[in-house]
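Structure assessment
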Amino acid sequence: MKETISLKSEWYLEYEDGTVIGPLQNYVTSAGLGIAAQKVAGLSSPYLVIGDDIAEGDTIAEVFRKSVSVVTQLGNAIRLRTVLLAGEGNGQHQKTCIFTDATDAPGSGTMFNLLKVPWGKENQMILTVECRLTLQ
């Protein structure tokens, strides 16, 4: 499944007699997408959260979390990269997500996105996990 972040921009004209014209078609400029991406890149306290459950919906039974190592933004693209060291996040996992406004405490923050794909990491392996967002 391919999902993208997009911005929908609509204009409306509402006259004093109650007449409404719209939605009027327009577009977000490249500069506007860059500004929006900059705001997303500025999410407060992003954390990578890993879970092993297979429950439906926007939930995760987390088994590991770590502060995102680095957030970069170039134009309308944002990259959130987290380095898992040898002893971190080992095992077979079902879900991975980014939480914002989070802390080291399990369950803290708000889920921003969710990946439901099985993957694994072995002890003594160093792995970089990247969430790449593109605004279109």
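The structure we're discussing is the one just above.
Below or above, wherever it landed, is the structure these notes cover.

The rules behind each value
- Residues numbered from 1 in each chain as written.
- Predicted model: local features only at pLDDT ≥ 70, side-chain atom pairs only at ≥ 80, totals over all residues.
- Heavy atoms only, no water.
- Salt bridge = Lys/Arg side-chain N within 4 Å of Asp/Glu carboxyl O.
- Helix = DSSP H or I, 4+ residues; strand = E, 2+ residues; numbered from the N terminus.
- Buried < 20%, exposed > 50% of the residue type's maximum accessible area, 1.4 Å probe, protein only.
- Patch = residues over 30% accessible without salt bridge, like charges linked within 9 Å, V, L, I, M, F, W, Y side chains within 5 Å.
- Areas by Shrake-Rupley, 256 points an atom, 1.4 Å probe, with all protein chains shown as cover.
- Phe/Tyr/Trp six-rings, centres within 6.5 Å; stacked < 30°, edge-to-face > 60°.
- Lys NZ or Arg CZ within 6 Å of the ring centre and 35° of its normal.
- Pairing = 2+ DSSP bridges.
- Axes fitted to C-alpha atoms, helices over the stretch in contact; angles between N-to-C directions.

Under the criterion given, the structure shown has seven salt bridges. Note that Glu-88 is salt-bridged to Lys-66, the shortest N-O span being 2.7 Å. With Glu-88 in the loop between strand 6 (77-84) and strand 7 (91-100) and Lys-66 in strand 4 (residues 62-67), this residue pair connects regions lying 22 residues apart in the sequence. A salt bridge links Glu-130 to Arg-132, with the nearest nitrogen and oxygen atoms 2.6 Å apart. Residue classification places Arg-132 among the exposed residues on the basis of a relative accessible area of 55%. When salt bridges that share partners are traced, they join Arg-79, Arg-81, Glu-130 and Arg-132 into one network.

As a further point, take a nonpolar patch on the surface. Taken together, the side chains of Trp-11, Leu-13, Tyr-15, Ile-21 and Leu-24 make up a nonpolar region of the molecular surface, amounting to roughly 490 Å² of accessible area. Among the secondary structure elements, those contributing two or more residues to the nonpolar patch are strand 1 (10-14) and strand 2 (20-25). Following the sequence through the fold, Leu-13 ends up in strand 1.

Overall, the coordinates contain zero aromatic pairs when judged by the stated rule. When the ring centre of Phe-99 is taken as reference, the NZ or CZ atom of Arg-65 above it lies at 5.4 Å.

Our next topic: the sheet that holds strand 5 (residues 70-74). Spatially, 5-6-9 is the arrangement adopted by the three strands of the open sheet, whose pairing is antiparallel. If you trace the sheet from one side to the other, it starts and ends with strand 5 and strand 9 (127-134), each paired once. Adjacent strand axes in the sheet meet at a mean angle of 20 degrees, parallel and antiparallel pairs treated alike. Bridge count between strand 6 and strand 9: eight bridges; the pairing is antiparallel. Bridging across to strand 9, Arg-79 finds its partner in Arg-132.

Note that every value here comes from positions in space, so none of it alone points to a role or purpose.
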